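Here are the chains, one letter per residue:
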Amino acid sequence: DQQVKQNSPSLSVQEGRISILNCDYTNSMFDYFLWYKKYPAEGPTFLISISSIKDKNEDGRFTVFLNKSAKHLSLHIVPSQPGDSAVYFCAAVAGGTSYGKLTFGQGTILTVHP
Amino acid sequence: GAVVSQHPSWVICKSGTSVKIECRSLDFQATTMFWYRQFPKQSLMLMATSNEGSKATYEQGVEKDKFLINHASLTLSTLTVTSAHPEDSSFYICSARRGGPGDTQYFGPGTRLTVL
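Residues numbered from 1 in each chain as written. Chains lettered and ligands numbered in written order. Predicted model: local features only at pLDDT ≥ 70, side-chain atom pairs only at ≥ 80, totals over all residues. Heavy atoms only, no water.

**Q** Explain the state of the cysteines to me, and be specific about the residues and the numbers.
**A** All names here are of chain B. Applying the stated criterion across every chain yields a total of two disulfides over all chains. Covalent S-S linkage joins C23 and C94, the inter-sulfur distance amounting to 2.0 Å. Across the S-S bond of C23 and C94 the torsion is about 80°, and the bridge reads as right-handed. Remark: C94 occurs in strand β9 (residues 90–97) and C23 occurs in strand β3 (residues 19–25); sequence separation between them is 71 residues. Across this residue pair, the class does not change: C23 and C94 are buried. C13 takes part in no disulfide bond, and the closest cysteine sulfur to it belongs to C94, at a distance of 18 Å. On the basis of relative accessibility, which here comes to 8%, the residue C13 falls in the buried class. (Disulfide = S-S within 2.5 Å. Helix = DSSP H or I, 4+ residues; strand = E, 2+ residues; numbered from the N terminus. Buried < 20%, exposed > 50% of the residue type's maximum accessible area, 1.4 Å probe, protein only.)

This is the structure in structure tokens:
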């Protein structure tokens, strides 16, 4: 049972354009969401997060949008840069769950072409 | 700050042997550490959660006798894969969290295990 889904395995974008990465979840108990970036053979690096009490959080080129009614979140990268090419994972946490464990999506491979 | 290291970064072992992987938080004390496993082109799957000085909490389907976790100090957790088999070959990643459930998890670089 995949509670966090990233339905696009890959995304290809031209440098300077916007990259939009999508994530859907099914567990209504999730109330905190995170995006991680991962290079091959490395651990994930935290990018940005959002609490369920917000619908938008912005940090530099990265903006995360949350639509609770649709159980959907997205990560926007503007402008996209070749160095952004990596695998992007969304993750969710259920408040009150012991230890705040992360549930990850399958990941989306982003390729930014020069 | 918030650096997490893993050792070794890669290991090759023979079937039937045991392998120990270390996870260290270098510049902070981690109240909780997590162990994940990632298969090629798949998501990170949480294997277990450990708090310093307590027994690890394993996720459903993870054999606790096969994947031994020890969290002896606030900066060190170890994962031992006992009697490894080729199907245990995977990328194992740990993460460490400084505070409570709302705190950010910081991930180690991962350990590539290949069992021959």
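**Q** Tell me about the interface of chain A and chain B, and name the residues and values.
**A** Residue-level contacts link 17 residues of chain A with 22 residues of chain B. At the boundary of chain A with chain B, total buried surface from both sides reaches about 1500 Å², with 60% on carbon and sulfur atoms. Along the contact surface separating chain A from chain B lie zero salt bridges. The interface formed by chain A and chain B contains six residue pairs in polar contact (both at pLDDT 80 or more). Elements with a contribution of two residues or more to the side of chain A that touches chain B: β4 (30–38) and β10 (102–104) of chain A. Examining the composition of the side of chain A that touches chain B, we find that three residues originate from one element, β4 of chain A, more than from any other. (Contact = heavy atoms within 4.5 Å. Buried area = accessible area lost by both parts, 1.4 Å probe. Salt bridge = Lys/Arg side-chain N within 4 Å of Asp/Glu carboxyl O. Polar contact = N/O pair within 3.5 Å; in protein donor to acceptor, adjacent residues only side chain to side chain.)

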